[in-house]
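Structure assessment
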Amino acid sequence: MRRHRFFLGVLGLGAALRVITMLGYRPALWFPDSYTYIVTALRPRPDLVRPAGYSMFLRLLEPFHSFALVTLVQHLLGLMVGVLVYLTARRLGAPGWAAVGASVPPLLDAYQIELEHLLVSDTLFAVLVMSAVCLGVRQTLGWRTTCGIGLLLAAATLTRTVGLPMIALFAAWMLYRERGRVFTARVLMPAGVMLVAATLPILGYGAWFYATYQRIGIVGANGVFLYSKTMTFADCSVMKPPPDLAVLCDPRPPRVRPPAQEYVWSQDSPLVKLPGITFTGTTDTMAGQFASLAIQSQPLDYLGSVASELVRSFTWGRPVYPDQEVYDYYEFPDRPPAPPGRYPATEGAESARRYERGPITTRIVEPYAGWMRTYQDIVRLPGTAVLVILLIPPIAAAVRRFRPESTAWVLPWTTAVVLLVMPPAVAEFDYRYVLPAVPAACLAAALVAGKPNFRNIPRNVRI
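Every chain is numbered independently, its residues counted from 1 as its sequence is written. pLDDT decides what is reported in this predicted model: residues at 70 or higher carry local features, side-chain atom pairs at 80 or more are listed and counted, and totals for whole chains, interfaces and linings draw on all residues regardless. Each side-chain value is worked out from all heavy atoms of the structure, with water and hydrogens disregarded.

1. A closer look at the overall build of the protein chain
- Under the DSSP-based scheme used, a helix requires at least four consecutive residues in state H or I and a strand at least two consecutive residues in state E, with every element numbered from the N terminus. On a plain count of helices and strands, the protein chain comes out with 23 helices and 2 strands.
- C-alpha atoms define the radius of gyration, and 2.2 Å times the number of residues to the power 0.38 defines the globule rule. Against the 2.2 N^0.38 benchmark of 23 Å for 463 residues, the protein chain shows a C-alpha radius of gyration of 22 Å, consistent with a compact globule.
- A principal-axis box enclosing the C-alpha atoms of the protein chain has dimensions of 65 × 55 × 40 Å.
- Three exposure classes are used, based on accessible area relative to the maximum for each residue type with a 1.4 Å probe and protein chains only: buried under 20%, partly exposed in between, and exposed over 50%. Out of the 463 residues in the protein chain, the part that is buried amounts to 54%.
- The contact criterion used is simple: two residues touch if any of their non-hydrogen atoms lie within 4.5 Å. Excluding contacts between residues fewer than 6 apart, the proportion of contacts in the protein chain whose partners are at least 24 apart in sequence is 80%.
- Just so you have it, the protein chain exposes about 20,300 Å², and 65% of that area is on carbon and sulfur atoms.
- Under the counting rule used here, the positive set is Lys and Arg, the negative set is Asp and Glu, and His together with the chain ends is not counted. To locate a charge, the coordinates of NZ of Lys, CZ of Arg, CG of Asp or CD of Glu are taken. Positive and negative side-chain charges in the protein chain, numbering 43 and 29 respectively, have mean positions lying 14 Å apart. We get accessible surface area from the Shrake-Rupley algorithm with a probe of 1.4 Å; when it comes to residues, only the shown protein chains can shield them.

Rendered as structure tokens:
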């Protein structure tokens, strides 16, 4: 216990900050997506825009009729992420100072704490991904471990679709661990077991989705969001779309267009103006075809758009983006937010009152709320620091000439990179999408600190 005293101090401080948050903002903080999640929790069915994993999490807690309990569980999950980072780093030979330092951002960053208090899926997603990462860097991978990894990744995918590429990433990692060996059935089996365990729940959810909408997939908005992404650069004079797709063009130059999200939700969007709801099968297919044509016709513009959005993850300051309304949801407020004013959030608010069996308006209680606002003004992880953390592992590995004893950092590092790159690649940058990548990046940095531990080479696989 004595050897962990510094970490226990950080953990205790993180727990205290979360208690203050719960005292200051009762019962929870709301985001526009929150209401959709609650509707799905009370009336289980696949949603066209978001998978239902977080809604099922809410449904598990629904018998208690308390959003305060939901936020408490989310704060405990946030603490769990910090514990996972620390214990995994120590188990793989990281020095104590590096392991404690890696746990500080997930435990003490004010924006991480605020995100845990929001009724959104990101905290649940982060703990599922980090649990899979910490299992994936174990010295040996038995069938139970690989099966557990697959189930965790399936749950992450059904919580946020950005988890889907994680399955391929983990399969590649399991093969990478065995580099230099002949790929026999025994060597390939860990990746195979993981893939089966991850695929079966997703296929089951896909069958439910198909039975509901007669559409293949787990959401029905991939084309729409990719369309919104391409509208940051798409030039129809270059693309020359056929007449049926030309109706989705925006004649304004890209530099004066609104952020990508406006092409999904704004009434001025060419897509939203089409007959029917935005996420019908026909509309989503049309949007996907337009987006594919834009990327094929302007590949460099697409890559430039992804890069410009990704760079927002690494700025020192925190400029307002994509707009003031969304930006403010990530700040501890000094006054209760206004109730939702448009459908379907209004329907979701009524569902939330049934869930709570009481009022759902956020009560701001001083001085606790003021303490957290002040704390958030001071204690946060700047985007530039995230970039530095990401650069540490590959630079350290290059200095050590990629010796095999120090490769455990590869899985958490690539996980962090994928989590950062995917949103700008398929939709747009958002500050809350950065936060789940931070613990993985911190773990990777801790694993290259100090002297390599030859006893913890992640090579042997037992099935």
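2. Quick look at helix 20 (residues 383-399)
- Compared with an ideal rise of 1.5 Å per residue, which puts 17 residues at 24 Å, helix 20 spans 25 Å between its outermost C-alpha atoms and is within 8% of the ideal.
- By definition, a residue's bend is the angle between the axes fitted to the seven residues ending there and the seven starting there. Considering bend angle alone, the principal kink of helix 20 is centred on Ile392 and spans about 30°; proline Pro393 follows within four residues of it.
- Those residues of helix 20 not exposed but buried are Gly383, Val386, Ile389, Leu390, Pro393, Ala396 and Ala397.
- Contacts from the buried residues of helix 20 go to helix 21 (410-426) and helix 23 (437-447). Any helix carries an expected span of 1.5 Å times its number of residues minus one.

3. Remarks on the layout of surface pockets
- Cavity and pocket criteria rest on a 1 Å grid covering protein atoms alone: a 1.4 Å probe that fits but cannot get out defines a cavity, protein on both sides within 12 Å along at least 5 of 7 lines defines an open pocket, and an atom within 4 Å of a point defines a lining residue. Grid points are joined across faces, edges and corners, and a volume is the space filled by probe spheres set on the points. In this structure, the second largest pocket encloses a volume near 160 Å³.
- In terms of lining residues, the second largest pocket is bounded by Trp97, Ala98, Gly101, Ala102, Pro105, Leu381, Ile389, Ile392, Cys442, Ala445, Ala446 and Ala449.
- Listed by contribution, the elements that provide at least two residues to the lining of the second largest pocket are helix 5 (96-108), helix 20 and helix 23.
- Looking at the lining of the second largest pocket, the element that brings in the most residues is helix 5, giving 5 residues.

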